[in-house]
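Commentary on secondary and tertiary structure
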Number of protein chains: 2
Amino acid sequence: MIRLFVPQDLAAGAELSLDEGHSRYLAAVMRAKPGDELRVFNGRQGEWRALVAQVGKRAVALQVIDPARPQEPGPDLDLIVALVKRAALETIVEKAAELGARRVRPVLTERTNADHTRVDRLQAIATEASEQTGRLDVPQVLEPVKLEKLVAEWERGRRLLFCDEAGGAKPALEALKGAIGPWAILIGPEGGFSPREREMLRGLPYATAATLGPRILRADTAAISALTLWQAAAGDWRT
Amino acid sequence: MIRLFVPQDLAAGAELSLDEGHSRYLAAVMRAKPGDELRVFNGRQGEWRALVAQVGKRAVALQVIDPARPQEPGPDLDLIVALVKRAALETIVEKAAELGARRVRPVLTERTNADHTRVDRLQAIATEASEQTGRLDVPQVLEPVKLEKLVAEWERGRRLLFCDEAGGAKPALEALKGAIGPWAILIGPEGGFSPREREMLRGLPYATAATLGPRILRADTAAISALTLWQAAAGDWRT
């Protein structure tokens, strides 16, 4: 079943003009015809059944029929990830959408090589992955921020799982036992955090250091593993 | 630190002629010089320090110095994965190596499109990932097999975690509580198992059905998540 994320308000009978990307996808890739059924969601009003009303090459219109699933808030989980290489960062954003993160925030650390990224491109990847994975919202991809600034502006009450491969930390699943409330997961660059950064992170009262096993993981693997463990221990993968 | 997987026996003073791939990598990519230190492992005798002895463009020789880490058996975990598209399958093999699987076996199911794969190429990916992740062995990539044959020849005593998105199964972390001994994880094709296959799998006395949360996961995400949860609950990610 095709699912599209749209910006418009959704209500029975509403007509939706799709943007060029979605229109091309439906017309050229899926060869949609008037009367075809699909689903739309906007992150605010749940998922609705809709029918294709008009098909032009660059302009497809839908008619909203009736609600299919009510909006539900997902787990309050941020993924904060060092600006790694483009391919790895794109994979991480895609997987963060599949694994139910609410926001993705790239972070600049001492051992981060890159200093910028195409946030609009990452947001498009997050949107497409959200359409495919069946969720009712799209994770927000935020502008990159320096680690110091991130910490200085930390949101009160949010816990931080800080993946520390330098030894001495608890296994992540143990560190997450009994976790409740809003959390963030922090994944460092391939070269790891600097000693100064590690010391700073370990001193934060809201941070918990954790390890992801005895092998060296690439940043994308570490991000997927940490999101998985959080969802299984504290998120919506529980019964 | 460069780590190379070699087929030869390792002992203090042994001279190793590297294959063309490793030789080119050291000579052309890493610009190795005689006297440079690296590590070698063969999956049987632990990891050893070695020095570059001779450098030719296509033939580099090493001299083994002394042992650095003793061989240890990893967890006894197989990953069985439906033959998905090449890029996803290659990702899965790479991640299986990082996440400590002992063997990877592609499986043909009713909804699998492909019917063959380059096992030698997948084995090379597993080897390179093992070199980078720091493990002391390399997962063996086996020839694809049909699901019926896999089940007919099942190894006595090995449990199976069968990721079933069709509903009614326990969360994977709960299904793995108290797990011990040899296990396998089975990841189905993107289109899921057929009803007949699901019924067959659910009837196996050694199989446990499990879900990976409420969202639809791509095969590579599902494989990484399931390997992660097994390692955290039953493998070497515990304290």
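Residues numbered from 1 in each chain as written. Chains lettered and ligands numbered in written order. Predicted model: local features only at pLDDT ≥ 70, side-chain atom pairs only at ≥ 80, totals over all residues. Heavy atoms only, no water.

Details of the nonpolar core
Condition: What makes a nonpolar core is a set of buried Ala, Val, Leu, Ile, Met, Phe, Trp, Tyr and Cys residues whose side-chain atoms join them at distances within 4.5 Å. Burial classes: relative accessible area under 20% of the type maximum marks a residue as buried, over 50% as exposed, and values in between as partly exposed (1.4 Å probe, protein chains only). Note on definitions: a residue-residue contact is assigned when non-hydrogen atoms from the two residues lie within 4.5 Å.
Ranked by internal contacts, the top residues of the largest apolar core, which has 92 residues, are Ile187 of chain A together with Ile187 of chain B. If we skip the residues at most four places from it in the chain, Ile187 of chain B touches Leu79, Ile80, Val81, Ala82, Cys163, Phe193, Ala219, Ala222, Ala223 and Ala226 of chain B.

Structural notes on the pairing of strand β13 (residues 207–211) of chain A
Residues and elements named next belong to chain A. Quick reminder of the rule: To qualify as a helix, a DSSP run of H or I must reach at least 4 residues; to qualify as a strand, a run of E must reach at least 2; elements of each kind are numbered from the N terminus. Criterion used throughout: strands pair if DSSP finds at least two bridges between them.
When you tally the buried positions in β13, you get five out of five residues, the bulk of the element. Alternating residues of β13 divide into Ala207, Ala209 and Thr211 and Thr208 and Ala210, and every residue in both groups is buried. One ladder, built from four bridges, connects strand β10 (residues 159–163) with β13; its direction is parallel. When the bridges of β13 are listed, Leu160 appears paired with Ala207. By the bridge criterion, two bridges tie strand β11 (residues 170–171) to β13 in an arrangement that is parallel. Pairing of Lys170 across the sheet is with Ala210, part of β13.

A word on the side chain of Asp164 of chain A
Residues and elements named next belong to chain A. We apply this condition: Counted as a polar contact is a pair of N or O atoms within 3.5 Å, where, for protein atoms, one must be capable of donating a hydrogen and the other of accepting one, and residues adjacent in sequence contribute only when both atoms are in side chains.
By the secondary structure assignment, Asp164 is in the loop between β10 and β11. Here Asp164 falls in the buried class, since its relative accessible area comes to 2%. Looking at Asp164, its side chain comes within polar contact range of the side chain of Arg202, at 2.7 Å. Leaving out residues up to four positions away in the same chain, Asp164 has contacts with Ala169, Arg198, Arg202, Ala209, Ala210 and Thr211.

Things to note about the pattern of salt bridges
Note on pairing: side chains with opposite charge can pair once their charged atoms come close. Residues and elements named next belong to chain A. Inclusion rule: One speaks of a salt bridge when a side-chain nitrogen belonging to Lys or Arg is within 4 Å of a carboxyl oxygen belonging to Asp or Glu.
The full count for this structure, using the stated rule, is 56 salt bridges over all chains. The salt bridge partner of Glu94 is Lys95, with a shortest N-O separation of 2.9 Å. Each member of the pair, Glu94 as well as Lys95, carries the same accessibility label: buried. Two residues, Asp164 and Arg198, come together in a salt bridge whose shortest N-O distance is 3.0 Å. With a gap of 34 residues between them, Asp164 in the loop between β10 and β11 and Arg198 in helix α6 (residues 195–202) connect regions that are remote in the sequence. Sharing partners across several salt bridges, the network here consists of Asp76, Asp78, Arg102, Arg103, Glu155 and Arg158.

Considerations on the pairing of strand β4 (residues 47–55) of chain B
Residues and elements named next belong to chain B. When strand β3 (residues 37–41) meets β4, the two strands line up antiparallel, connected through five bridges. Bridge pairing links Phe41 to Glu47 in β4. Judged from the seven bridges that link them, β4 and strand β5 (residues 60–69) form a sheet pairing that is antiparallel. Directly across from Leu51, in β5, lies its bridge partner Gln63. The turn linking β4 back onto β5 is made up of four residues.

Points about a nonpolar patch on the surface
All names here are of chain A. This is how the line gets drawn: The residues that make up patches have over 30% relative accessible area and no salt bridge, and they are joined within 9 Å when like-charged or within 5 Å when they are Val, Leu, Ile, Met, Phe, Trp or Tyr. Note on areas: these come from Shrake-Rupley sampling with a 1.4 Å probe, and a residue is covered only by the protein chains present in the view.
Residues Tyr25, Val29 and Met30 make up a contiguous nonpolar surface patch of roughly 270 Å² in combined accessible area. Mapped onto the elements of the fold, Tyr25 is located in helix α1 (residues 20–29). Judged by relative accessible area, Tyr25 falls into the partly exposed class, the value being 33%.

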